[in-house]
Amino acid sequence: RIKNNGKGLAAFFDASMEREAQARIKVEQSLRLAILEKRFCCAFQSKVDIRTQAVKGIEALVRLRDDEGVIQAPGSFINLAGELGLIDELTHLVLAEIVKSIDLINDTFGAEATISINVAAKQAGNPEFMRSFALALEETGFPQRFMIEVTEDAFVAKNHFQAEILPMFRKLGVGISIDDFGTGYSSLSALADITADEIKIDRSFITDIHKRPRSQGILRAIESLSEALGMTVIAEGLESFEELAYLQAATKIRYAQGYYFSRPIFLEELKLATPVSSEARASVASRPMQQN
Ligand code: C2E
Ligand code: MG
Ligand code: MG
Ligand code: MG
């Protein structure tokens with residue numbers, strides 16, 4: 001039973017809200033500082049041909065080195081970066097790291113491997129950012145090596161992405177990839193209106209696919225539609241031999257990305273592990289390993 005007339009309660013709420021606000025300000029400040037100090041780096045994960053184990057492409061996955069030097073995955077900061085208006089700068093930092101490391105990337109994964117960069121749906125719908133990003137890709141001198149990964153929400157949202165922004169990237173030869181397919185709001189029929197080169201089936205459908213008839217049905221539907229539309233299908237989050245065996249036996253899906261083939265890896269780890277033959281590097285890029 002609350003004895004005081006609510007005054008103490010109000011004081012309690014004030015104090016806890018105050019603490020929450022303080023905590024948020026701290027997180028915000030440390031993120032701003034991280035951007036200022038460019039304390040970001042990329043881990044790279046390969047997209048593998050499941051028949052030959054050749055690396056088709058790689059995806060850059062941003063990481064933050066926090067105040068204490070601990071590496072943080074994007075789940076802990078990407079949304080906040082979006083809210084604070086810092087995510088565009090982050091994407092430019094990702095591109096800058098790729099350009100700086102392009103020789104090592106080519107040595108490690110092959111000079112033919114495409115290089116994917118994630119773009120949040122909100123960024124994709126912002127013509128100003130997308131123009132500056134397209135320009136930055138063009139200025140690398142090798143824009144046709146790149147792909148941008150966007151979720152299906154970017155295509156469905158009422159913005160200029162599909163009609164005006166995408167053609168700009170296509171003209172540069174930049175590939176378009178639909179990320180996390182199946183988790184957004186679009187229906188399969190909406191896919192018919194989307195022009196993309198690649199469709200990545202979300203991990204939630206791939207996990208234990210060999211044991212889940214409903215996911216198998218969905219996979220078949222996405223597969224045949226993608227085939228009809230000329231899009232390459234990639235299975236995301238492939239972790240086990242059983243999942244791989246199912247894809248090989250029951251589907252025509254040719255590419256997968258996941259811990260089974262490779263964890264996201266830091267290029268510095270490869271540099272440190274010298275001397276490394278080109279065969280060893282290739283196997284590092286396409287076999288299960290590191291813990292990032
Ligand atoms: P995503 O683009 O769908 O990337 C796949 C995520 O799944 C990555 O998490 C990757 O490490 C993880 N993953 C890969 N294979 C497996 C697997 O076999 N099992 C499991 N359990 N997970 C696997 P990560 O690196 O934490 O990134 C999370 C998300 O953050 C990304 O999802 C992407 O949406 C976003 N993100 C990453 N880098 C950037 C960036 O530079 N810009 C923007 N805007 N978003 C980014
Ligand atoms: Mg992605
Ligand atoms: Mg994904
Ligand atoms: Mg995802």
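Residues numbered from 1 in each chain as written. Chains lettered and ligands numbered in written order. Predicted model: local features only at pLDDT ≥ 70, side-chain atom pairs only at ≥ 80, totals over all residues. Heavy atoms only, no water.

**What to know about the pairing of strand S4 (residues 114-118)**
Across the five residues of S4, four count as buried, placing the element largely inside the fold. Examined bridge by bridge, strand S2 (residues 55-65) and S4 share four bridges and lie parallel to one another. Considered in S4, the bridge of Gly 57 is made with Thr 114. Pairing of S4 with strand S5 (residues 146-151) involves four bridges; the strand directions are parallel. If you follow Ser 116 over to S5, its bridge partner there is Met 147. (Buried < 20%, exposed > 50% of the residue type's maximum accessible area, 1.4 Å probe, protein only. Helix = DSSP H or I, 4+ residues; strand = E, 2+ residues; numbered from the N terminus. Pairing = 2+ DSSP bridges.)

**Digging into the nonpolar core**
Residues Phe 40 and Phe 169 are the most contacted members of the largest nonpolar core, which totals 77 residues. Dropping the residues within four chain positions of it, Phe 40 is found in contact with Leu 31, Ala 34, Ile 35, Val 62, Arg 63, Leu 64, Phe 77, Leu 90, Leu 93 and Glu 97. (Core = buried A, V, L, I, M, F, W, Y, C linked by side-chain atoms within 4.5 Å. Contact = heavy atoms within 4.5 Å.)

**Looking at the coordination of the magnesium ion (ligand 3)**
Around the magnesium ion (ligand 3), the protein contributes the donor atoms Asp 179 (OD), Asp 180 (OD), Glu 236 (OE) and Glu 236 (OE), at 2.0 to 2.7 Å from the metal centre. Mapped onto the polypeptide sequence, the residues donating to the magnesium ion (ligand 3) form the spacing pattern D-D-x55-E. Here the magnesium ion (ligand 3) and the magnesium ion (ligand 2) are spaced 4.0 Å apart, and both take Asp 179 as a donor. One end of the pair, Asp 179, is in strand S6 (residues 175-181); the other, Glu 236, is in strand S8 (residues 232-236), with 57 residues separating them in the sequence. As far as burial versus exposure is concerned, Asp 179 and Glu 236 are alike and both buried. (Donors = N, O, S within 2.8 Å, 3.2 Å for Na, K, Ca; no water.)

**Points about the pattern of salt bridges**
Note that side chains of opposite charge can pair when their charged atoms are close. Using the criterion set out here, one finds twelve salt bridges in the structure. Of the charged contacts in the structure, one is a salt bridge between Glu 198 and Lys 47, with a shortest N-O distance of 2.7 Å. Here Glu 198 is found in strand S7 (residues 198-201), whereas its partner Lys 47 is found in strand S1 (residues 40-49), with 151 residues between them in sequence. Residue classification places Lys 47 among the buried positions, given a relative accessible area of 0%. Each of Lys 47, Lys 56, Glu 59, Glu 149, Glu 198, Lys 200 and Glu 236 takes part in a single network of salt bridges with overlapping partners. (Salt bridge = Lys/Arg side-chain N within 4 Å of Asp/Glu carboxyl O.)

**Some words on the environment of Leu 135**
Here Leu 135 shows up in helix H6 (residues 127-139). It is 20 Å that separates the C-alpha atoms of Leu 135 and Glu 59, two residues lying 76 residues apart in sequence.

**Side note on the side chain of Asp 202**
Of note, Asp 202 is situated in the loop between S7 and helix H9 (203-206). No salt bridge is formed by the buried Asp 202, whose closest oppositely charged neighbour, Arg 203, lies at an N-O distance of 6.3 Å. In terms of polar contacts, Asp 202 uses its side chain to reach the side chain of Ser 204, at 2.7 Å. (Lys, Arg positive; Asp, Glu negative; His and termini not counted. Polar contact = N/O pair within 3.5 Å; in protein donor to acceptor, adjacent residues only side chain to side chain.)

**Concerning the site of ligand 1**
Around ligand 1 there are 24 residues in total, and Arg 63, Asn 118, Asp 179, Glu 239 and Tyr 259 lie nearest to it. For ligand 1, a nitrogen atom lies 3.0 Å from a polar atom in the side chain of Gln 45. Contact between ligand 1 and Glu 236: an oxygen atom at 3.3 Å from a side-chain N or O atom of the residue. Elements supplying a minimum of two residues to the shell around ligand 1: S2, helix H3 (87-100) and S6. (Near = heavy atom within 4 Å.)

**Observations concerning the pairing of S2**
Residues in a regular strand project their side chains so that they alternate between the two faces of the sheet. The buried count for S2 comes to eight of eleven residues, which makes it a mostly enclosed element. Following S1, the chain reverses through five residues before pairing antiparallel with S2; Gln 53 in that reversal takes a positive phi of roughly 65°. Bridge count between S2 and strand S3 (residues 71-72): two bridges; the pairing is antiparallel. If you follow Leu 64 over to S3, its bridge partner there is Gln 72. In this structure, the hairpin formed by S2 and S3 is closed by a connection of five residues, where Gly 69 is found at a positive phi of approximately 85°.

Read these as geometric descriptors, not functional statements.
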